[in-house]
Amino acid sequence: MVKLAINVDHVATLRQARGIDEPDPVLAAGICELAGAAGIVVHLREDRRHIQDRDVILLRQTVKTKLNLEMGAAEEIINIALNLKPDMVTLVPEKRAELTTEGGLDVIGQQQHLARVIAQMKEAGIPVSLFINPDAAQIKAAKKVGATFVEIHTGRYSDATSDEEQEREFAMIVAAVNAAHGAGLRINAGHGLNYRNTARIAALDKIEELSIGHAVMARAIYVGLDQAVREMLDLCC
Ligand code: PXP
């Protein structure tokens, strides 16, 4: 059964919109864990638009399942991660103007840098996942630079506007999962997954964990966070 990790960035987005101290992503993370989430994900962005340094410090102390720190491979954040020692890091491309992480990492184009960052993390005992598009060449490069995991980007599958397009994107994810498995990589997936499109991805047995944020937080506004997590969990088994 695939595990469900919940991204609580949006709780911090709401807090930052008011510039006060609630809602608190640390408390939200605890509720997600109590509802059955197997992990908590946060993205500490260089511009600190949502998650703050205080959040990751407290989450490191309080998360009982697994803390996955999403981050760009920038020097300042690398140093924070090395000190924090999350259970794993997921390296993502980060652009200041984007609303959310837009595409997968270009692993091929920055092999030396990524290999160096992954080696530093490994030395600190932190496994690294690379967030990549479902692309065989990027998977090969991820293996070459020493990644433990890849997180397959499900955004194009999730955003597909026709059944044909969704089928095409699903087939690419299946091929990417098989290629990554064949290369000896561990596999996570995420981005854009919601209550309508997650079950098919969750049924791919080589995927260990799904990382889901927006859909769960959006539903939580109506039904509460505990129920929103439980309903997503139901789709994962
Ligand atoms: N995985 C990665 C690497 C992401 O950047 C995000 C968005 O923060 C997610 C998963 C979760 O995406 P969503 O919020 O669309 O569920």
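Everything below is about the structure printed above this text.
Summarised in this report is the structure supplied together with it. (Residues numbered from 1 in each chain as written. Predicted model: local features only at pLDDT ≥ 70, side-chain atom pairs only at ≥ 80, totals over all residues. Heavy atoms only, no water.)

**As for a nonpolar patch on the surface**
Quick reminder of the rule: Each patch is assembled from residues with relative accessible area greater than 30% and no salt bridge, linking like charges that lie within 9 Å and nonpolar side chains (Val, Leu, Ile, Met, Phe, Trp, Tyr) that lie within 5 Å. Only the protein chains shown count as cover for residues, and all accessible areas are computed by the Shrake-Rupley method using a 1.4 Å probe. What counts as a salt bridge is simple: a side-chain nitrogen of Lys or Arg found within 4 Å of a carboxyl oxygen of Asp or Glu. Counting from the N terminus, the helices are DSSP H or I runs at least four residues long and the strands are E runs at least two residues long. Only protein chains enter the accessibility calculation, which uses a 1.4 Å probe; a residue is then buried when its area is under 20% of its type maximum, exposed when over 50%, and partly exposed in between.
A surface patch of nonpolar side chains, amounting to about 380 Å² of accessible area, comprises Ile-221, Tyr-222 and Val-223. With respect to the helices and strands, Tyr-222 occurs in helix H10 (residues 214-223). Judged by its relative accessible area of 72%, Tyr-222 is exposed.

**Describing the site of the ligand**
Counted only if it meets this: Neighbouring residues are identified by heavy atoms, a residue being near a molecule or strand if any of them is within 4 Å of it. Under the rule applied, a polar contact is a pair of N or O atoms within 3.5 Å (in protein, one hydrogen donor and one hydrogen acceptor; residues adjacent in sequence only if both atoms are side-chain atoms). Only protein atoms enter the calculation, which uses a 1 Å grid: trapped sets of points that fit a 1.4 Å probe without letting it out are cavities, open sets showing protein on both sides within 12 Å along at least five of seven lines are pockets, and any residue with an atom within 4 Å of a point is a lining residue. Throughout, a molecule is located in a cavity or pocket provided that more than half of its atoms lie within 2 Å of its grid points. All amino acids are sorted into three groups, where Ala, Val, Leu, Ile, Met, Phe, Trp, Tyr, Cys and Pro are nonpolar, Asp, Glu, Lys and Arg are charged, and the leftover types, Gly among them, are polar.
Among the 13 residues in the neighbourhood of the ligand, the closest are listed as Glu-70, Thr-101, Glu-151, Gly-192 and Gly-213. Here Asn-7 contributes a side-chain N or O atom positioned 3.3 Å from an oxygen atom of the ligand. Between the ligand and Glu-70 there is a distance of 2.8 Å, counted from an oxygen atom to a side-chain nitrogen or oxygen. In isolation the ligand exposes 390 Å². Once the protein is present, 93% of that is buried. Under a 2 Å grid-point criterion requiring more than half of the atoms, the pocket assigned to the ligand is the largest pocket. Its residues assigned to classes, the shell around the ligand comprises three nonpolar, eight polar and two charged.

**Side note on the packing of H10 against helix H11 (residues 225-235)**
To be explicit about the condition: Orientation is described by lines fitted to C-alpha atoms, with helices fitted over the stretch in contact, and by angles between N-to-C directions that extend from 0 to 180 degrees. Angle categories are assigned with fixed cut-offs, so that under 35 degrees is roughly parallel, over 145 is roughly antiparallel, 65 to 115 is roughly perpendicular, and the rest are oblique. If you view the pair so one helix is near and one far, a crossing is left-handed when the near helix is turned anticlockwise from the far one by less than a right angle, and right-handed when it is turned clockwise. The contact criterion used throughout is that any non-hydrogen atoms of two residues lie within 4.5 Å.
Contact geometry of H10 with H11 gives a least axis separation of 7 Å together with a crossing angle of 130 degrees. Put simply, H10 runs oblique to H11. Between H10 and H11 lies a crossing of right-handed hand. Across from Ala-215, Val-216, Met-217, Arg-219, Ala-220 and Val-223 in H10, the residues of H11 making contact are Leu-225, Gln-227, Ala-228, Val-229, Glu-231 and Met-232. Classifying every residue of the contact of H10 with H11 by side-chain character gives nine nonpolar, one polar and two charged.

**Here's the deal with the packing of aromatic side chains**
To be explicit about the condition: Aromatic rings from Phe, Tyr and Trp, with only the six-membered ring used for Trp, were paired whenever their centres fell within 6.5 Å, and each pair was classed as stacked if the ring planes differed by under 30 degrees, edge-to-face if by over 60, and tilted otherwise. We count a charge as sitting over a ring when the NZ of a lysine or the CZ of an arginine lies within 6 Å of the ring centre and within 35 degrees of the ring normal.
Going through the model one piece at a time under the given rule, you end up with one aromatic pair. The lysine or arginine in question, Arg-219, covers the ring of Tyr-195, its NZ or CZ lying 3.6 Å from the ring centre.

**As for unusual backbone geometry**
Residues Glu-22 and Pro-23 are joined by a peptide bond in cis, for which omega reads 5 degrees. One can find Pro-23 in the loop between helix H1 (9-18) and helix H2 (25-34). Of note, Arg-48 is a non-glycine position whose phi angle comes to about 50 degrees, a positive value. Note on placement: Arg-48 falls in the loop between strand S2 (39-43) and helix H3 (53-62).

**Here we look at the environment of Met-217**
Considering the arrangement of structural elements, one finds Met-217 in helix H10. Along the backbone, Met-217 and Leu-34 are 183 residues apart, and their C-alpha atoms lie at a distance of 16 Å. Here Met-217 is in contact with Ile-6, Asn-7, Val-8, His-10, Val-11, Cys-32 and Leu-225, once residues within four sequence places are set aside.

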